[in-house]
Amino acid sequence: MMVMKKATLLLLVALNLEFVSAQDTPLEIPGTLFKIAPQNFIDNTLKVGAEAFSKNKKYSYTVYFSASYSYTESNQNNYYYPAGFGGEFQFRKYIAPLSLNTTRRGKEYLQGIYVGLYAQGGKYETQDSQLAFIFDPNTSVQTPVTYTKQEDITSIGGGFTIGFHRTLWKVLYFDVYLGGGLQGGDIIKTYTPDIPPEPYGFYEYYDIFDPRYHGVMPKFGLHIGVML
């Protein structure tokens, strides 16, 4: 968390300097934007990337990289996201390309609407201490067992988004999007000591922000960018 706080502080300082220097600069349609996803801090993930526009500004290609950190040990009373690295590629078509507009007060801003297709994936791992009950059908006795579970996770997914792009103060590019898709992958579990893969009375739940989640999932959020 300390690393992420420092990264956020440095970004805010850079944005402030850019804001001061850009007050008298004419607003222009960007060629490339550097972006960060602030909502991913919720699950201990730093996600950054860049969006590169075509010459006619009707298309763009976006690449994101993410790094997740989590505790190496947890227990059955806590929920921790896996640690690892991920990536995302997105192709966007601007059905309303970024164009120059003016507010009633004479302030200029850029605004556009896009639809996009994305593909994402990553490699993660987590280690978890759990308490389970092993059921013996011969004696009908449940024996409590404390064990360590190691998970090696491969996550892949894809889908679509619809987004709205707008500038603020001629410096910040706000990218709000909503969409959905499918997510799947593979989870290799190793138990120490060795126990049945599905202990009696043990239930696993993964929310939509967890790379272990499988199924149909929504995709929504906010990206904040600055022009490179």
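**Student:** Would you mind going over the overall build of the protein with me for this structure?
**Tutor:** Scanning the protein from N- to C-terminus turns up one helix and eight strands. A separation of at least 24 residues holds for 67% of the contacts in the protein among residues at least 6 apart in sequence. Surface accessibility of the protein: about 13,300 Å² in total, with carbon and sulfur atoms responsible for 63%.

**Student:** Explain the confidence of the model for the protein to me, please; I cannot follow it from the model alone.
**Tutor:** Caution applies to low-pLDDT parts of the model: their predicted coordinates are not meant to be read in detail. Mean pLDDT over the protein: 83, with 81% of residues reaching 70 or higher. Below pLDDT 50 for its whole length, residues 17-23 participates in seven contacts with residues either more than four positions away or in separate chains. This stretch, residues 72-77, has a pLDDT under 50; its non-local contacts, to residues over four places away or in other chains, come to 13 contacts.

**Student:** Looking at this model, I keep getting lost on unusual backbone geometry. Mind explaining?
**Tutor:** Excluding glycine, residues mostly have negative phi values, and the peptide bonds linking residues are mostly trans. At Asn44, a position not held by glycine, the phi torsion is positive, near 60°. Within the secondary structure layout, Asn44 lies in the loop between strand E1 (32-36) and strand E2 (45-53). For Lys57, which is not glycine, the phi dihedral falls at a positive 65°. Within the element layout of this structure, Lys57 appears in the loop between E2 and strand E3 (59-68).

**Student:** How do you make sense of the side chain of Asp175 when you look at a structure like this?
**Tutor:** Summarising the element assignment, Asp175 is placed in strand E7 (residues 172-192). Taking the relative accessible area as the measure of exposure, Asp175 reaches 0% and is therefore buried. One polar contact links Asp175 to Arg92, side chain to side chain, over a distance of 2.9 Å.

**Student:** Would you mind showing me how to read a nonpolar patch on the surface here?
**Tutor:** On the surface, Ile95, Ile113, Val115, Leu117, Phe160, Ile162, Phe164 and Val176 cluster together to form a nonpolar patch covering roughly 690 Å² of accessible area. Looking at the nonpolar patch, the elements that each hand over two or more residues are strand E5 (108-136) and strand E6 (141-168). Relative to the helices and strands, Val176 resides in strand E7. For Val176, a relative accessible area of 42% translates into the label partly exposed.

What counts as what
- Residues numbered from 1 in each chain as written.
- Predicted model: local features only at pLDDT ≥ 70, side-chain atom pairs only at ≥ 80, totals over all residues.
- Heavy atoms only, no water.
- Helix = DSSP H or I, 4+ residues; strand = E, 2+ residues; numbered from the N terminus.
- Contact = heavy atoms within 4.5 Å.
- Areas by Shrake-Rupley, 256 points an atom, 1.4 Å probe, with all protein chains shown as cover.
- pLDDT = per-residue confidence, 0-100.
- Buried < 20%, exposed > 50% of the residue type's maximum accessible area, 1.4 Å probe, protein only.
- Polar contact = N/O pair within 3.5 Å; in protein donor to acceptor, adjacent residues only side chain to side chain.
- Patch = residues over 30% accessible without salt bridge, like charges linked within 9 Å, V, L, I, M, F, W, Y side chains within 5 Å.
- Salt bridge = Lys/Arg side-chain N within 4 Å of Asp/Glu carboxyl O.

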